[in-house]
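Commentary on secondary and tertiary structure
Chain by chain, the residues run as shown.
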Amino acid sequence: MTRKELMVPHVEEQPRRGRARETGEDRAVPDSQAASDPRTGDERASSSAPEVTPASVAETLQAEAGDQPAEVPEPEQEKPAAKARRSPVASNAAAHAMRLLNRARGTEAAAPVAAPESLTDHVPAPEQEVAPEAASAGTESGQEQSGAASPVAEKTEAERPAARTRRTPVASNAAAHAMRLLNRARGAESAAPDKAPSGPLAVVIGGGISGLVAARELAISGHRVQLHEASASFGGCVQLHEVAGLRLDAGAESFATRSTAVADLLGELGLGQDIITPQPGGAWLYLKRGTEHGAQPLPATGILGIPGDPWAEEVRSAVGRTGALRAAADLITPVSKKLVEGQMSLGALVRSRMGSAVLQNLVTPVVSGVHSADPDTLDVDAIAPGLRAAVLKHGSLARAVASMRAAAPAGSAVASVKGGMNKLVSALVADLLEAGVELFANSPVAGLEPQEEATGFLVRLAPAEPTAEAEPEHGRNAKADKADKAAKAAKQQLAPGPREVHADRVVLATGGGPAIDLLAGIDAAFEPHRPSSGAGIALVTLVIDKPELDDAPRGTGLLVAPSVENVGAKALTHATAKWQWLGDASGPGSHVLRLSYGRLNDVASALVNADDNSLRSAALKDASVLLGLDITSGDVLGFDVVRYSGALPFATTGHAKRVAEIRALADTHPGLDLVGAWLAGTGLASVIADTRKRLRITAS
């Protein structure tokens with residue numbers, strides 16, 4: 001196994017890789033909406049958070065356990081230096097550690113326990129990780145507020161033994177993990193190895209983003225955790241590949257900022273300071289107007305291509321004067337209460353309020369680029385939560401969109417990580433290994449069934465296949481080497497032959513089809529809930545020498561309308577124009593283009609299954625048309641193809657009801673959890689928020 005293979009992740013369903021190089025990614029589309037004043041989670045952190053000392057935390061933990069506070073020496077001369085080194089990132093990490101500590105204490109006593117007094121005025125109450133359906137509701141966490149009085153401080157010496165009897169392995173492990181995070185936030189991590197977890201055994205099936213996040217939540221709550229991934233790598237749709245000497249995202253290359261779910265996780269993993277937003281310039285559209293084709297900027301005031309101002313100049317340019325007049329009729333057409341009743345597709349809502357021109361030329365290019373689906377098949381409540389209710393409230397689709405845009409967090413609609421989203425996978429793997437989680441690649445699960453006359457599940461693992469040794473890479477920096485070593489350490493080799501694991505808990509974090517295959521071994525009632533497979537995608541990356549693109553003539557990329565006949569791609573991302581770090585790494589004159597194939601019409605969709613050479617030729621032709629200049633094979637410095645088969649599920653009409661039914665059935669089997677994009681929806685923001693919410697509710 002090469003080192004590169006170790007860093008190229010999989011997700012819910014493993015993509016087929018096709019590769020053809022000359023010398024030497026929720027699927028990537030340009031950010032469709034942009035705003036100003038971008039902020040990261042770390043920039044919002046309080047820089048006034050106090051020093052977190054081992055003494056204060058140790059005293060609280062030991063008092064709760066019934067022991068006398070232990071003395072933790074803290075050299076007085078070191079305190080000013082430690083404070084001088086503290087940053088917003090460290091403050092965030094310390095605050096997160098205290099939230100975990102409070103959560104751990106919540107599993108040991110019925111009454112909520114507050115943070116130590118020294119933190120009560122500085123650590124904000126934790127925000128609830130919410131699913132996309134409730135991302136804008138602003139609900140607070142069920143965890144305790146940091147200013148609450150602590151019942152631990154009121155315990156008498158006689159009461160302390162009772163508190164000790166309530167301590168469980170799960171709670172003890174969770175408290176220990178919180179202490180590790182506190183020490184890490186102070187830069188005082190102990191060199192001595194931590195004691196291995198001793199709580200109930202949880203098995204996570206699937207090593208994509210949802211599986212890695214689920215494993216982390218289980219480890220935090222004190223479980224012993226095994227994660228089994230069928231492929232050779234972790235991370236799923238968040239992958240890494242190298243083209244012409246550049247380390248690039250081969251899958252998802254950004255995340256939606258409609259919630260703080262991804263930014264919060266990145267901050268906890270020490271990557272908060274690396275969060276970045278796209279360069280100005282925005283996305284463009286490539287449209288067909290009559291018999292002519294042309295490119296123009298995407299209206300910046302919309303959601304999913306739905307304009308907040310139907311009479312804006314760019315809207316009139318895209319849909320024509322007649323189309324804009326029809327769209328503007330939305331502003332004076334009454335809204336019936338029946339609009340919010342029953343099921344409705346996104347396409348049906350847009351067509352009824354603004355007409356077909358807006359649907360075809362604005363909404364469909366965005367939706368097909370992001371979700372690889374026709375708006376007429378997508379459930380409006382799943383794809384745009386709260387939109388129907390907002391239409392009823394404001395009396396217009398345009399005014400509803402404008403209101404939702406105004407209420408959205410300040411900054412760009414999408415963000416990424418300096419160096420690529422693949423750094424999220426490396427950080428998660430390293431964090432899990434540090435927490436004692438056992439990670440197994442090339443470890444497919446063959447069957448799952450309830451244990452007879454016992455609680456829990458019997459997990460049958462398929463025979464392991466040997467993997468190749470990693471080959472060294474040169475010219476790497478120390479940080480990348482450390483991440484690769486962590487990924488390599490995670491590739492634990494299992495002995496061949498039939499294997500069984502008796503698990504107290506099981507989390508299925510695979511795609512919908514494989515999940516139903518395994519769930520059928522637990523309960524045949526799952527079979528009718530098998531979802532249809534998602535669309536196939538082929539991502540073609542070109543690294544070219546083309547100084548003419550230094551001025552980014554088409555912004556950060558283009559989305560292609562379905563009516564276009566002279567282009568086979570559905571989207572093009574000008575990655576070096578979109579992300580400054582990549583432009584700096586590639587240097588002047590060199591550019592990274594990524595084209596996505598998987599159009600909705602039959603002719604263009606056939607390109608998904610074309611061979612690599614055919615896709616290379618198609619990509620050169622399409623890039624030339626979309627960017628308005630001739631790009632030839634002589635300009636190409638490097639080339640790669642990554643394929644996803646059925647890895648992008650989409651929420652068809654009635655999605656929310658189906659998910660509720662599946663999870664209600666899963667709830668009848670204690671210890672079973674289901675997560676992943678086939679339930680949460682497409683995109684890192686949806687998957688991470690849903691997984692954390694689900695596991696935080698059930699893991700303890």
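All figures in this text were calculated on a predicted structure; none of them were measured in a lab.

Considering the overall build of the chain
Along the backbone of the chain there are 24 helices and 21 strands. Within the span of the chain, comprising 700 residues, buried residues form 56% of the whole.

Side note on the packing of helix H7 (residues 209-220) against helix H15 (residues 422-434)
Packed helix pairs are characterised by how far apart their axes lie and by the angle those axes make with each other. Where H7 contacts H15, the two axes come as close as 10 Å, and the packing angle between them is 30°. Considering their axes alone, H7 and H15 lie roughly parallel with respect to each other. As H7 packs across H15, the resulting crossing turns out to be left-handed. Along the contact surface, H7 presents Ile209, Leu212, Val213, Ala215 and Arg216, while H15 presents Leu424, Val425, Leu428, Asp431 and Leu432. In terms of residue class, the contact of H7 with H15 is made up of eight nonpolar, no polar and two charged.

Examining the side chain of asparagine 361
As for its placement among the helices and strands, asparagine 361 is situated in helix H11 (residues 356-371). One polar contact links the side chain of asparagine 361 to the main-chain carbonyl oxygen of alanine 318, over a distance of 2.8 Å. Here asparagine 361 is in contact with Leu285, Leu287, Lys288, Ala318, Val319 and Ser563, once residues within four sequence places are set aside.

A look at helix H8 (residues 261-268)
Counting buried positions along H8 gives seven out of eight residues, so the element sits mostly inside the fold. When H8 is considered as a whole, its buried residues turn out to be Ala261, Val262, Ala263, Leu265, Leu266, Gly267 and Glu268. Where H8 ends, the next residue or the one after it, glycine 270, has phi of about 85°, a positive value.

Section: the nonpolar core
General note: in soluble globular proteins, nonpolar side chains tend to be found buried as a group. Counting residues in each nonpolar core, the largest one holds 70 residues, and the members touching the most others are Ile306, Leu346, Leu387, Leu397 and Tyr597. Contacts of leucine 346, omitting those with residues within four sequence positions, involve Leu304, Ile306, Val363, Val367, Pro375, Leu378, Val380, Ile383 and Leu387. Of all hydrophobic cores here, the second largest spans 45 residues; its members include Val238, Leu266, Met421 and Ala689.

Let's talk about the confidence of the model for the chain
Put simply, the chain has an average pLDDT of 75, and 64% of its residues get 70 or more. Note that pLDDT drops below 50 for residues 186-193; the model gives that stretch twelve contacts with residues more than four away or on any other chain.

Some remarks on the pattern of salt bridges
Tallied over the entire structure, the rule returns 22 salt bridges. Measuring nitrogen to oxygen at the nearest pair gives 3.8 Å for the salt bridge that ties lysine 621 to aspartate 622. Notably, a salt bridge pairs aspartate 667 with arginine 694, separated by 2.7 Å at the nearest N-O pair. Residue aspartate 667 is located in the loop between helix H22 (655-666) and strand E21 (672-674), and its partner arginine 694 is located in helix H24 (residues 684-698); the two are separated by 27 residues in the primary sequence. Through salt bridges with shared partners, a single network forms among Arg216, Glu217, Glu268, Asp431, Arg692 and Arg696.

A word on the pairing of strand E14 (residues 499-503)
Along any regular strand, the residues point their side chains to alternate faces of the sheet. Burial along E14 is one-sided: the face carrying Arg499, Val501 and Ala503 is buried and the face carrying Glu500 and His502 is not. The sheet contact formed by strand E13 (residues 457-461) and E14 spans five bridges and is antiparallel. Within E14, the position partnered with leucine 458 by the bridge is histidine 502.

Some points on the sheet that holds strand E11 (residues 438-440)
One open sheet holds the five strands; their spatial order is E11-E3-E2-E15-E21, and the pairing between them is parallel. Among the strands making up the open sheet, the edge pair consists of E11 and E21. Direction aside, neighbouring strands of the sheet carry axes that sit 15° apart on average. Strands strand E2 (201-205), strand E3 (224-228) and strand E15 (505-508) of the sheet are contacted by H7, whose axis makes an angle of about 170° with E3.

Notes on H24
Each α-helix winds once per 3.6 residues, and so residues spaced three or four apart point in a common direction. Under the 1.5 Å per step criterion, the end-to-end length of H24 is 21 Å for 15 residues, consistent within 8% with the ideal 21 Å. The buried count for H24 comes to eleven of 15 residues, which makes it a mostly enclosed element. Three or more residues of H24 are buried, namely Leu684, Ala685, Ser686, Val687, Ile688, Ala689, Asp690, Thr691, Arg692, Arg694 and Leu695.

Observations regarding unusual backbone geometry
For alanine 244, which is not glycine, the phi torsion reads 50° and is therefore positive. Alanine 244 gets classed as partly exposed once you look at its relative accessible area, which sits at 30%. Positive phi is not limited to glycine here, since asparagine 442 has a value of about 50°. Note that asparagine 442 resides in the loop between E11 and strand E12 (445-450). Residue asparagine 442 is classed as buried on the basis of its relative accessible area, which comes to 18%.

Let's talk about the environment of arginine 316
Topologically, arginine 316 is positioned in helix H9 (residues 313-328). For arginine 316 and alanine 327, which are eleven residues apart along the polypeptide, the C-alpha to C-alpha distance reads 9.7 Å. The residues touching arginine 316, leaving out its near neighbours within four places in the chain, are Trp311, Arg321 and Ala324. A polar contact is formed between the side chain of arginine 316 and the backbone oxygen of tryptophan 311, at a distance of 3.0 Å.

As for the side chain of lysine 570
The residue lysine 570 is located in the loop between strand E17 (557-560) and strand E18 (571-574) in this model. In this structure lysine 570 comes out as buried when scored by relative accessible area, which is 1%. Beyond its immediate chain neighbours, meaning those up to four positions away, lysine 570 contacts Ser368, Gly369, Ser372, Ile537, Leu559, Val560, Ser596, Gly598 and Arg599.

Some thoughts on the sheet that holds E13
Judged by pairing direction, the sheet is antiparallel, and its three strands sit side by side in the order E12-E13-E14 without closing on themselves. The sheet terminates laterally at E12 and E14, the two strands that pair on one side only. This sheet shows a mean twist of 20° between the axes of neighbouring strands, independent of strand direction.

Describing a negative patch on the surface
Together, Asp545, Glu548, Asp550 and Asp551 line one region of the surface with negative charge. Looking at the element boundaries, aspartate 550 is found in the loop between strand E16 (535-545) and E17. A relative accessible area of 41% means that aspartate 550 is categorised as partly exposed.

As for the environment of valine 315
Structurally, valine 315 is set in helix H9. Residues valine 315 and asparagine 361, 46 residues apart in the sequence, show an inter-C-alpha distance of 9.4 Å. Among residues more than four places away in sequence, those in contact with valine 315 are Pro299, Pro307, Asp309, Pro310, Gly320 and Leu362.

As for the pairing of E18
The alternating pattern of E18 places Ala571 and Thr573 and Leu572 and His574 on opposite faces, both of which are buried. Examined bridge by bridge, E17 and E18 share three bridges and lie antiparallel to one another. Directly across from leucine 559, in E18, lies its bridge partner alanine 571. In the sheet, E18 pairs with strand E19 (residues 590-597) via four bridges, with the strands oriented antiparallel. Directly across from alanine 571, in E19, lies its bridge partner serine 596.

Conventions adopted
- Residues numbered from 1 in each chain as written.
- Predicted model: local features only at pLDDT ≥ 70, side-chain atom pairs only at ≥ 80, totals over all residues.
- Heavy atoms only, no water.
- Helix = DSSP H or I, 4+ residues; strand = E, 2+ residues; numbered from the N terminus.
- Buried < 20%, exposed > 50% of the residue type's maximum accessible area, 1.4 Å probe, protein only.
- Axes fitted to C-alpha atoms, helices over the stretch in contact; angles between N-to-C directions.
- Parallel < 35°, antiparallel > 145°, perpendicular 65-115°, else oblique.
- Left-handed = near helix turned anticlockwise from the far one by under 90°.
- Contact = heavy atoms within 4.5 Å.
- Nonpolar A, V, L, I, M, F, W, Y, C, P; charged D, E, K, R; others polar.
- Polar contact = N/O pair within 3.5 Å; in protein donor to acceptor, adjacent residues only side chain to side chain.
- Core = buried A, V, L, I, M, F, W, Y, C linked by side-chain atoms within 4.5 Å.
- pLDDT = per-residue confidence, 0-100.
- Salt bridge = Lys/Arg side-chain N within 4 Å of Asp/Glu carboxyl O.
- Pairing = 2+ DSSP bridges.
- Expected span 1.5 Å × (residues − 1).
- Patch = residues over 30% accessible without salt bridge, like charges linked within 9 Å, V, L, I, M, F, W, Y side chains within 5 Å.
- Areas by Shrake-Rupley, 256 points an atom, 1.4 Å probe, with all protein chains shown as cover.
- Lys, Arg positive; Asp, Glu negative; His and termini not counted.
- Charge placed at Lys NZ, Arg CZ, Asp CG, Glu CD.

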